[in-house]
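# Coordinates in review
One-letter residues, chain by chain:
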Amino acid sequence: MRLRHIEVFNAVMLTGSVSAAARLINVTQPAVSRILAHAELQLGFPLFHRLKGKLVPTTEAQTLYPHIERLFTQLDDVQRLANSLKSDRREGELHILSVLALSYEVLPRALRFFRQKHPDVQVTIDALHSPQIVSALVLQEADVGFVFSAIAHPALTQEHLADGRMVCVAPKGMLGAELVMAGVVHLADLADTPVVRLDVRDPIGTVVNHACREAGVGLQTAFTVQTYHAALALAHHGHAVALVDACTAASADRSKVDVLALAPHIAVPIKSLRTVNRPSSLLASAMTQCMRQAVAETLEAVGLQPEVE
């Protein structure tokens, strides 16, 4: 199939008719019919059945379509990258990507430091999941990203900012007074307590699951969430104990919850990501240093010192 065949086929699959497909790709109806017929002739099998004026995809068309969708996604990525390369970021602009957990406490602190030195810079912030941050940086749509855990990608370079750690956030009265006074809770202490866990697809959630297996502890998972602050919110409302990173715990309302160190120690590496082939940005470098300072300040606020490489 030629690219024009693919474009018309995709348009018909999306709209369900020749007329709507023609409007979608801004060509005439006869042109769509002609290109579609030529594609079918070249392929040697029909792509659609004509039933009462409607086009119904054949089995072959339905088999092809997922591959066509992936191709158009890749073409969109190429277009986004081309646009990014064409419109070089002007001096005085900074586009930051951050995982959600770092956007509540750490990033605002970092921006306070950054604004002191660069008050006139226009800053754009997107809070995304780690895979989305990686994708956007690879496509050169942003200057710097901040994530948890090491991420290996040939197009990205990473810098270690600090090691946070996982902590236990418990609704007031849910844990025994002795544990709260000690300030440390072991995984085994939570065996009979309802717990909010992170989705296993989260890299830190995977590490916590591994620590539980190593300790021989089966936690009572009351809720599974995809973000640390969703876990914190459930703890605030008294539903369950939340196992979250220390940066998230900095947002905890101490009138509603107790924040305790978690044992065994589970490190949460905090990294900055930059594009290898993108010219070095002084603003991105400055922001990275401000994030390093903000992480240290945030961890200190919850009574934990960062473990820096």
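This structure is a prediction, so every number in the text was calculated from the model and none was measured. (Residues numbered from 1 in each chain as written. Predicted model: local features only at pLDDT ≥ 70, side-chain atom pairs only at ≥ 80, totals over all residues. Heavy atoms only, no water.)

### Thoughts on the packing of helix α6 (residues 106-117) against helix α12 (residues 282-301)
The criterion, for reference: Here an angle of 0 to 180 degrees is reported between the N-to-C directions of two axes, which are lines fitted to C-alpha atoms, with helices fitted over the stretch in contact. Per the convention used, a helix needs a DSSP run of H or I reaching at least four residues, while a strand needs a run of E reaching at least two, with both numbered from the N terminus. Angle categories: roughly parallel below 35 degrees, roughly antiparallel above 145, roughly perpendicular from 65 to 115, and oblique for all the rest. By convention, the crossing between two helices is left-handed when the near helix turns anticlockwise from the far helix through less than a right angle, and right-handed when the turn is clockwise. We call two residues contacting when some pair of their heavy atoms lies within 4.5 Å.
In the contact formed by α6 and α12, the axes pass within 7 Å of each other and the chain directions differ by 125°. By the angle between their directions, the pair α6 and α12 is classed as oblique. As α6 runs across α12, the sense of the crossing is right-handed. Contacts between α6 and α12 involve V106, L107, R109, A110, L111, R112, F113 and F114 from the former and L283, A286, M287, C290, M291, Q293, A294, V295, E297, T298 and A301 from the latter.

### Brief notes about the pairing of strand β6 (residues 156-171)
To keep it simple, the criterion reads: Type-normalised accessible area, obtained with a 1.4 Å probe on protein chains alone, sets the label of each residue: buried when under 20%, exposed when over 50%, and partly exposed for intermediate values. The criterion for strand pairing is that DSSP finds at least two bridges linking the strands in question.
Within β6, 13 of the 16 residues are buried, which leaves it mostly tucked inside the rest of the structure. Alignment of β6 against strand β10 (residues 241-245), held across four bridges, turns out to be antiparallel. Within β10, the residue paired with C168 across the bridge is L243. With five bridges connecting them, β6 and strand β11 (residues 257-263) associate as antiparallel partners. Looking across to β11, one finds that V169 is bridged to V259.

### A short note on the pattern of salt bridges
Note the threshold: By salt bridge we mean one thing: a side-chain nitrogen of Lys or Arg within 4 Å of a carboxyl oxygen of Asp or Glu.
Evaluated as defined, the whole model comprises seven salt bridges. A salt bridge links R4 to E7, with the shortest nitrogen-to-oxygen separation between them at 2.3 Å. On the criterion of helical spacing, the pair formed by R4 and E7 is a turn pair, its members being three residues apart in helix α1 (residues 3-15). E7 sits in the partly exposed class, given a relative accessible area of 27%. Via salt bridges that share partners, E105, R109, R112 and E297 belong to a single interconnected network.

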